[in-house]
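Chain and residue survey
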Amino acid sequence: MTERLDDKTIVLGVTGSIAAYKGAELARRLMDLGADVHATLTRAGAEFITPLTLRTLTGNPVTVDMFEEPSEWQVKHVSLAERAAAVVVAPASADAIAKLSLGLADEFICTVALATRAPVIVAPAMNDKMLSHPATQEHLERLRARGVRIIEPETGRLASGAVGHGRLADPQVIAAAVVEAVAPGDLEGVRVLVTAGPTREPLDPVRFLSNRSSGKMGYALAEAAARRGAEVTVVSGPVSIPVPAGCRMKAVETAAEMRREVMRRFPRCRVLIAAAAVADYSVAGAGKKKLKRGDEPLSVELVPTKDILAECGDRKKAGQLLVGFAAETEDLLPHAREKLAAKKVDLLVANDVSQPGIGFESDRNAGYLLLADGAEVELPEMEKAAFAERIIDAVVERLGAREGRRRRR
Ligand code: CTP
């Protein structure tokens with residue numbers, strides 16, 4: 001087998017599960033792939049296998065209780081976290097999963113997982129009742145939403161002797177996931193432009209018209225693309241969430257400013273993701289003077305803004321990919337199909353924004369993915385980060401399909 005983890009530092013956390021011995025097998029496999037494996041046992045993990053086993057296998061010291069030698073662990077977890085190409089928790093007990101989800105740091109592997117920016121892979125192993133408990137499922141979903149790769153456990157004979165879902169995935173499957181996580185991202189070097197958030201259209205110097213967009217969906221998409229190697233620029237209206245990791249940011253206020261910044265960058269980008277809720281109208285004659293209160297009704301004239309996405313659709317060059325959104329409150333799919341065609345987008349995400357708990361201001365989303373070739377995929381309700389991954393998967397697939405067509409020509 002080719003040594004696909006050559007020279008890569010992999011931190012392996014073995015936690016309190018009867019499957020801990022398989023952690024040793026995984027260490028072996030990762031080493032066979034060329035990795036420099038640094039194993040660590042949680043206190044519970046050390047009840048199942050000994051540090052000596054892992055130390056002998058990996059040739060590296062094994063950390064168990066991080067408070068043993070404070071001067072050492074303090075430096076060690078940070079330096080290991082920085083050196084790590086990936087952090088793997090296998091087997092991951094329910095307790096370890098909860099700690100990772102909550103960001104607790106009372107075990108060495110948890111501090112490494114917090115301090116690293118490398119991919120984190122978690123392979124759960126536990127009793128089927130513990131696995132299906134809402135607490136465990138919520139923790140797993142939260143980890144997934146943060147980009148942690150969860151290796152689905154298998155169904156088979158569990159420690160109790162009963163057959164159920166919760167057996168640790170085969171170490172070979174986990175090792176393959178590590179290789180994949182360490183491999184260069186599938187959007188490596190691809191220039192992606194994302195619009196996000198609302199716009200503000202001034203009425204006067206102190207008042208504006210805006211909408212409920214929080215920017216969360218656009219930011220999640222930007223972060224997902226950046227994590228997969230893309231060079232991402234976000235042109236964002238005013239929001240109150242942090243700049244997505246690894247992205248360049250251009251802050252704007254009005255639809256006209258957003259258009260200017262997007263059109264300037266569009267010719268150089270490969271993918272445009274238009275997730276912003278751009279105002280369709282701005283206020284005519286909004287001046288420098290504050291509007292004064294009066295007793296008479298006040299009318300303002302609204303003038304249409306330019307449709308940024310449609311303009312990009314018109315100027316699109318071969319090889320560029322456009323992703324649009326359709327926020328609808330009725331007749332979701334017919335309206336979405338119209339927008340897909342009218343704006344010449346390749347991939348359109350349709351949301352029913354009248355549904356409670358999803359869309360605007362929420363952390364969750366649901367909808368449909370419509371492709372220019374007529375295909376439609378339903379995306380069930382999930383965290384926006386997971387939703388973003390699904391959309392980016394579709395972008396990667398479309399780009400790949402085009403590459404394939406070009407190569408075949
Ligand atoms: N969009 C844009 N510029 C605008 C308006 C919309 O780029 N001035 C983009 C949005 O970012 C989104 C898509 O167009 O990707 C559709 O936005 P949406 O608000 O759903 O539709 P509209 O075209 O504005 O139509 P309507 O509000 O009438 O549904």
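Preceding this section is the structure that the text describes.
First, a word on what this report is: a plain description of the structure on this page. (Residues numbered from 1 in each chain as written. Predicted model: local features only at pLDDT ≥ 70, side-chain atom pairs only at ≥ 80, totals over all residues. Heavy atoms only, no water.)

1. A short note on helix 10 (residues 216-227)
Helix length check: helix 10, at 12 residues, gives a terminal C-alpha distance of 16 Å against a target of 16 Å (1.5 Å per residue), a fit within 8%. Of all 12 residues in helix 10, 9 are buried; the element is thus mostly enclosed. Among the residues of helix 10, Met-217, Gly-218, Tyr-219, Ala-220, Leu-221, Ala-222, Ala-224, Ala-225 and Ala-226 are the ones counted as buried. One or two steps after helix 10, the chain reaches Gly-229, where phi turns positive at roughly 100°. (Helix = DSSP H or I, 4+ residues; strand = E, 2+ residues; numbered from the N terminus. Expected span 1.5 Å × (residues − 1). Buried < 20%, exposed > 50% of the residue type's maximum accessible area, 1.4 Å probe, protein only.)

2. With respect to the sheet that holds strand 19 (residues 376-383)
Note: strands within a sheet are paired through backbone hydrogen bonds, in either parallel or antiparallel orientation. Here 8 strands make up an open sheet; going across it, the order is 12-11-8-13-16-17-18-19 and the pairing mixed. Lying at the two open borders of the sheet, with one neighbouring strand each, are strand 12 (247-251) and strand 19. Looking at each pair of strands side by side, their axes are set apart by 20° on average, direction ignored. When strand 13 (residues 271-274) meets strand 16 (residues 321-328), the two strands line up parallel, connected through 3 bridges. Along strand 16, the bridge assignment pairs Leu-272 with Leu-322. The strands touched by helix 11 (residues 255-265) within the sheet are strand 8 (191-196), strand 11 (231-236), strand 12 and strand 13, with strand 11 carrying the most contacts at an inclination of about 160°. (Pairing = 2+ DSSP bridges. Axes fitted to C-alpha atoms, helices over the stretch in contact; angles between N-to-C directions. Contact = heavy atoms within 4.5 Å.)

3. Quick notes on helix 1 (residues 20-32)
Over its 13 residues, helix 1 extends 19 Å from the first C-alpha to the last, a length consistent with the 18 Å expected when each residue adds 1.5 Å. Residues of helix 1 that are buried: Ala-20, Lys-22, Gly-23, Ala-24, Leu-26, Ala-27 and Leu-30. Looking one or two places after helix 1, you find Gly-34, whose phi comes out positive at around 100°.

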